[in-house]
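Examining the three-dimensional arrangement
Listed below, chain by chain, are the residues.
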Amino acid sequence: MEEGVKVVGFWPSPYSQKVIWALKQKGVAYDYIEEDLSNKSQLLMKSNPVYKKIPVLLHGGKPIAESSVILEYIEETWPQNPLLPKEAYERASARFWIQFGAEKGPTFGSLFTSTAGEEQDKAAKDALEVLKILEEQGLGNNKFFGGDSINLVDLALGWLAHWFQCIEELVEIKLIEPTTLPRLHAWVENFNQVPVIHENLPDKKRLLAHMKSIREMSISAK
Amino acid sequence: MSKGEIVILDCWVSPFCLRVKIALKEKGLEYEEREEKELLGKKSDLLLKSNPIHQKVPVLLHNGKPICESTVIVNYINDNWPSPPFLPSSPYEIAQARFWADYIDKKVHDAGGNIWKSKGEAQERAIKDFIEIVKQLEEGLGERDFFGGDTFGLNDISLISLTSWFHAYEKFGNFKVEDHCPKFSAWIKRCSERPSVSQVIPDPEKVYEFVLMLKKMFGLE
C-alpha cells in the first residue's frame, strides 16, 4: 500500500502540471490540493519555508519542493516507466537540457511581458534563438527529447506545447510554426497526443484568460 | 584510469571549474587540465566544439565525449564512479540534497557578484542579501559536519568552490562572513583541510586581484 502522496499545486502552473504528468506516467495515485496563492496555506508555508512556492510533493507527510527536484525524486522512488536514461552520459545529457530549459525561462518571460515595438522584436528574436537550439541540438531528429517516448526533458519543456501558445496569442507573434521550426512544431503535436499529457492539461480558454490578466498586471507594473 | 581519458577544459579562477576538480580528486581520479584563457583571449576550438551552446568552462571530456555545466558534470562523475558517494542513499535525502544544490546554484554566486559590482547603498543592500543567503545555508547545515551529513558530498563540493571568491567579496564590501555566520565559517575551514580542496583551491588574494581586474574591465571602479 503506497504511503500517501499529495501534490500542492496551482491549476495554471506548468511547474505543478509537470509533477502531475510524472506521477500519472508512473501510475502513482495522489491527492491534489489546489493552493490559493493570494492566501497561502499553513501547509505550503510549512512544507516550503525557503521559497513558499508551489508545487510541493508530500510523500508520507515529508515535503519535497522545486519541480526539477520533485521530478528526480519521483523517478528514483517509482522506477516503473523510466523517465531518465540509465546510462550516465545520456543521463547527463538529459540533465543538461532540463537545466537549459530552466535557465531560459526569463527569455520567454521577457517576450510574455513585452509590448509592440523594439523591445518585443528583440524578445521574439531571443526566444526564437532558444527554440532553434532546442530543435536542432536538443531534439535533433527524434520524435521526443526522450527519443521514442517522453522523458523528464519533455516534461520539463512541456509548457512549450500548451502555455507557449497562449503567449503567442497574447503577443500576436507565432514562433513555433511548421515552416520555421518543423521538428519542434511536430514535437508539440506529438507531445499533446501522449495520453497522460492530453488528459492532464488546463482548459485553454481559462488558461488564456488567466495569462492575459497576469500579462496586463505585469505590463502596468513596469 | 589513465590521465588521457579525463580532460577538463579549465580556468584557474572559475569556482565552477573548481567543483569539477574537487569532485575528480575526491573520487581519486587522474585528469588532465587544459587552461582556457577565456576572458583574456580567444576561446579554443576545442571549447567551441565541446560546448557550442554556452561556450563556457568547465567542460569535462571523458573519452572525448563532452559534458557541460558544473552541476551536471559533478552528478555525472558521481553516476559513473559511485565510490565514495556524493549523495545520500535514500530518495528523500537525495531530494533534500538536490533542493540545496539548486538553491546554491540560484543564489550564491550572483549575490556575491552584486557586492563587487556595486558601491555605496546598493553595495550595503547586496551585502545584506548575501549574508541572508549564507545564513539560510547555515541553517540548512544545522549541526552536521557537512551538507552531505557525515560525509563530504555534492553540496559541500558545490559550495566550497563558490567560497573561493568570498575573500574578494569581503575585501570589496569590508565585512567578514565569520562575524555573521560562525558555523558556516567553521564548515569552510573543515572543508578546506581536505586535500581534494587544498590542492586545487586558488589563492584568495589572486582571486581578489582577478576580480579587481574585472572591475576595471567593466568600468566599475
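Residues numbered from 1 in each chain as written. Chains lettered and ligands numbered in written order. Predicted model: local features only at pLDDT ≥ 70, side-chain atom pairs only at ≥ 80, totals over all residues. Heavy atoms only, no water.

Topic: the overall build of chain A
Helices and strands together make up the secondary structure of chain A, namely 11 helices and four strands. Since a compact globule built from 222 residues should have a radius of gyration of about 17 Å, the 18 Å found for chain A is in line with a globular shape. The principal-axis extents of the C-alpha atoms in chain A amount to approximately 55 × 45 × 30 Å. Out of the 222 residues in chain A, the part that is buried amounts to 51%. Within chain A, contacts between residues separated by at least 24 positions form 67% of all contacts whose residues are at least 6 apart in sequence. Working note: accessible area of chain A is about 10,700 Å², and carbon and sulfur atoms make up 52% of it. (Helix = DSSP H or I, 4+ residues; strand = E, 2+ residues; numbered from the N terminus. Rg over C-alpha atoms; globule rule 2.2 N^0.38 Å. Buried < 20%, exposed > 50% of the residue type's maximum accessible area, 1.4 Å probe, protein only. Contact = heavy atoms within 4.5 Å. Areas by Shrake-Rupley, 256 points an atom, 1.4 Å probe, with all protein chains shown as cover.)

Description of the side chain of Lys27(B)
All names here are of chain B. Relative to the elements of secondary structure, lysine 27 occurs in the loop between helix H1 (15–26) and strand E2 (32–35). Despite its burial, lysine 27 remains without a salt bridge, the nearest opposite charge being carried by aspartate 79 at 8.3 Å. In terms of polar contacts, lysine 27 uses its side chain to reach the backbone carbonyl oxygen of tryptophan 81, at 2.6 Å. Polar contacts involving the side chain of lysine 27 include one to the main-chain carbonyl oxygen of proline 84, which spans 2.7 Å. Contacts of lysine 27, omitting those with residues within four sequence positions, involve Ile77, Asn78, Trp81, Pro82, Ser83, Pro84, Pro85 and Phe86. (Lys, Arg positive; Asp, Glu negative; His and termini not counted. Salt bridge = Lys/Arg side-chain N within 4 Å of Asp/Glu carboxyl O. Polar contact = N/O pair within 3.5 Å; in protein donor to acceptor, adjacent residues only side chain to side chain.)

Overview of the interface of chain A and chain B
Contact with chain A, which involves 25 residues of that partner, is made by 26 residues of chain B. Both faces combined, the contact of chain A with chain B buries some 2,300 Å², and carbon together with sulfur accounts for 66% of it. Broken down residue by residue, the surface that chain A buries against chain B is led by Tyr51(A), Tyr89(A) and Phe96(A), which jointly contribute 26%. For the interface between chain A and chain B, the tally reads four salt bridges. Close ionic contact of Arg98(B) with Glu72(A) constitutes a salt bridge, the shortest N to O distance being 3.6 Å. (Buried area = accessible area lost by both parts, 1.4 Å probe.)

Here's the deal with the packing of helix H5 (residues 120–141) of chain B against helix H7 (residues 166–173) of chain B
Residues and elements named next belong to chain B. Packing of H5 against H7 brings their axes to within 11 Å, and their N-to-C directions diverge by 145 degrees. Judged by the twist between their axes, the crossing of H5 over H7 is left-handed. Along the contact surface, H5 presents Gln123, Ile127, Phe130 and Val134, while H7 presents Phe166, Tyr169, Phe172 and Gly173. Looking at the contact of H5 with H7, its residues break down into six nonpolar, two polar and no charged. (Axes fitted to C-alpha atoms, helices over the stretch in contact; angles between N-to-C directions. Left-handed = near helix turned anticlockwise from the far one by under 90°. Nonpolar A, V, L, I, M, F, W, Y, C, P; charged D, E, K, R; others polar.)

Structural notes on H7(B)
For an α-helix the count is 3.6 residues per turn, leaving residues at separations of three or four pointing the same way. Residue and element names in this part refer to chain B. Of all eight residues in H7, six are buried, a share of seventy percent or more. Those residues of H7 lying buried are Phe166, Ala168, Tyr169, Glu170, Phe172 and Gly173. On its buried face, H7 is in contact with helix H4 (91–116), H5, helix H6 (154–162), helix H8 (177–180), helix H9 (182–192) and helix H11 (204–217). After H7 finishes, the residue asparagine 174 shows a positive phi value of roughly 55 degrees.

Looking at the environment of Trp11(A)
Residues and elements named next belong to chain A. On the secondary structure map, tryptophan 11 appears in the loop between strand E1 (5–9) and helix H1 (14–25). Sequence separation between tryptophan 11 and leucine 207 is 196 residues; the distance between their C-alpha atoms is 8.8 Å. Each residue touching tryptophan 11, except ones within four places of it in the same chain, is listed here: Gln17, Tyr32, Glu34, Pro202, Arg206, Leu207 and His210.

With respect to the pattern of salt bridges
Scanning the model with the defined rule gives 18 salt bridges over all chains in all. Across the salt bridge formed by Glu216(A) and Lys212(A), the nearest N and O atoms sit 3.3 Å from each other. Pair noted here: Glu216(A) and Lys212(A) are both in helix H11 (residues 204–221), with a separation of four residues, about one helical turn. Residue classification places Lys212(A) among the partly exposed positions, given a relative accessible area of 44%. Residues joined by salt bridges that share partners form a network here, namely Glu72(A), Glu76(A), Arg95(A), Asp79(B) and Arg98(B).

Focus: the nonpolar core
Of all hydrophobic cores here, the largest spans 152 residues; its most connected members are Trp187(A) and Phe184(B). With 13 residues, H4(B) is the largest single contributor of residues to this core. If we ignore the near neighbours within four places in the chain, the residues touching Trp187(A) are Leu139(A), Lys143(A), Phe144(A), Phe145(A), Asp154(A), Leu157(A), Gly158(A), Leu160(A) and Ala161(A). (Core = buried A, V, L, I, M, F, W, Y, C linked by side-chain atoms within 4.5 Å.)

A closer look at a positive patch on the surface
On the surface, Lys40(A), Lys52(A), Lys53(A) and Lys107(B) cluster together into a patch of positive charge. Note on placement: Lys107(B) falls in helix H4. Residue Lys107(B) is classed as partly exposed on the basis of its relative accessible area of 31%. (Patch = residues over 30% accessible without salt bridge, like charges linked within 9 Å, V, L, I, M, F, W, Y side chains within 5 Å. Charge placed at Lys NZ, Arg CZ, Asp CG, Glu CD.)

Describing the packing of H7(B) against H11(B)
Residue and element names in this part refer to chain B. Packing of H7 against H11 brings their axes to within 8 Å, and their N-to-C directions diverge by 60 degrees. Between H7 and H11, the interaxial angle falls into the category oblique. Of the two possible hands of crossing, H7 and H11 adopt the one that is right-handed. Along its contact with H7, which presents His167, Ala168, Lys171 and Phe172, the element H11 presents Pro204, Glu205, Tyr208, Val211, Leu212 and Lys215. Looking at side-chain class alone, the contact of H7 with H11 contains six nonpolar, one polar and three charged residues. (Parallel < 35°, antiparallel > 145°, perpendicular 65-115°, else oblique.)

Digging into the confidence of the model for chain B
With 96% of its residues at a pLDDT of at least 70, chain B reaches an overall mean of 94. Confidence estimates for the predicted assembly give a pTM of 0.94 and an ipTM of 0.93. (pLDDT = per-residue confidence, 0-100.)

Observations regarding the side chain of Arg95(A)
Counting through the fold element by element, Arg95(A) comes out in helix H4 (residues 88–103). Look at Arg95(A) and you get buried, because its relative accessible area is 9%. There is a polar contact of 2.8 Å between the side chain of Arg95(A) and the side chain of Glu72(A). Setting aside residues no more than four positions away along its own chain, Arg95(A) makes contact with Glu72(A), Leu84(A), Val72(B), Asn75(B), Asp79(B) and Arg98(B).

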